[in-house]
Amino acid sequence: MSIALKQVFNKDKTFRPKRKFEPGTQRFELHKRAQASLNSGVDLKAAVQLPSGEDQNDWVAVHVVDFFNRINLIYGTICEFCTERTCPVMSGGPKYEYRWQDDLKYKKPTALPAPQYMNLLMDWIEVQINNEDIFPTCVGVPFPKNFLQICKKILCRLFRVFVHVYIHHFDRVIVMGAEAHVNTCYKHFYYFVTEMNLIDRKELEPLKEMTARMCH
């Protein structure tokens, strides 16, 4: 890892505070197990599989929060180069444009500059994962019936961050020496969402060729 990249990642340059798992909880143990698998250099395809006897919702919750923290960090490293001037539209190349809708201020899909879209996206996800009714932290409190649907929407929107970073800002990622880190994070994300069937294949289209080379 380059010196510049170490400085960026050591600063923990996320937009917002990380959501942590409380020590002693089942989810904290799952989080540790998932991290240990990654740190041991285990095959990423194997690392994302639901451990025997564990609850699917717990496993998904741990990964959604982890991916939010890490993708937030990746965008944070290039956000000063993603401006309303450089990226007046939230897009992934000329073929893909993403519009924001949140049923609050933006009741209809609305074209926005990429940095504004990213801020709304990260705020929206943060509200979801800090909502005890959606992501309960107390042992024994059940997940809502629509939990996986909510997670699918979160992961689908996080994928768009990868699309924008890879297509519009990967030159900056390379300059910072972060290419290997971002690629590993992407592969981990891709294997997880496909293993757990949490993202529609058509959403993966913008990075299809790169994914075929990277994740065979």
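Residues numbered from 1 in each chain as written. Predicted model: local features only at pLDDT ≥ 70, side-chain atom pairs only at ≥ 80, totals over all residues. Heavy atoms only, no water.

**Q** So what's going on with helix H4 (residues 56-78)? Which residues, and what values?
**A** End to end, H4 covers 33 Å across 23 residues, agreeing with the expected 33 Å (1.5 Å per residue, within 8%). The buried fraction of H4 amounts to 22 of the 23 residues, a majority that puts the element mostly inside the structure. The opening residue of H4, the one whose side-chain oxygen lies 3.1 Å from the backbone nitrogen of Asn-57, is Asp-55. (Helix = DSSP H or I, 4+ residues; strand = E, 2+ residues; numbered from the N terminus. Expected span 1.5 Å × (residues − 1). Buried < 20%, exposed > 50% of the residue type's maximum accessible area, 1.4 Å probe, protein only. Polar contact = N/O pair within 3.5 Å; in protein donor to acceptor, adjacent residues only side chain to side chain.)

**Q** Explain the packing of H4 against helix H8 (residues 179-195) to me, and be specific about the residues and the numbers.
**A** The relative placement of two packed helices is expressed as an angle between their axes plus a distance between the axes. Where H4 meets H8, the closest approach of the two axes is 11 Å, and the angle between their N-to-C directions is 155°. Considered as vectors, H4 and H8 are oriented roughly antiparallel to each other. Crossing handedness for the pair H4 and H8: left-handed. Where H4 abuts H8, its residues Trp-59, Val-60, His-63, Phe-67, Arg-70, Ile-71 and Ile-74 lie against His-181, Val-182, Cys-185, His-188, Phe-189 and Phe-192. (Axes fitted to C-alpha atoms, helices over the stretch in contact; angles between N-to-C directions. Parallel < 35°, antiparallel > 145°, perpendicular 65-115°, else oblique. Left-handed = near helix turned anticlockwise from the far one by under 90°. Contact = heavy atoms within 4.5 Å.)

**Q** Please provide a residue-by-residue account of the UniProt feature "binding site: Zn(2+)" (unreviewed entry) in the chain, values included.
**A** The sites that carry the UniProt feature "binding site: Zn(2+)" (unreviewed entry) are, in the present numbering, Cys-82, Cys-87, His-164 and His-169. In summary, the annotated positions, though distributed over 88 residues, converge in three dimensions, the widest C-alpha pair being only 10.0 Å. Structurally, the position occupied by His-164 is in helix H6 (residues 147-168). Every residue in contact with His-164, bar those within four places of it in the chain, is listed here: Cys-82, Cys-87, Val-89, Met-90, Ser-91, Ala-114, Met-118 and His-169. (UniProt positions renumbered as here; feature names shortened; annotations may be inferred.)

**Q** Can you break down the side chain of Thr-211 residue by residue, with the values?
**A** The residue Thr-211 is located in helix H9 (residues 208-214) in this model. Here Thr-211 falls in the buried class, since its relative accessible area comes to 5%. Those residues in contact with Thr-211, other than ones at most four positions away along the chain, are Tyr-186, Tyr-190 and His-216.

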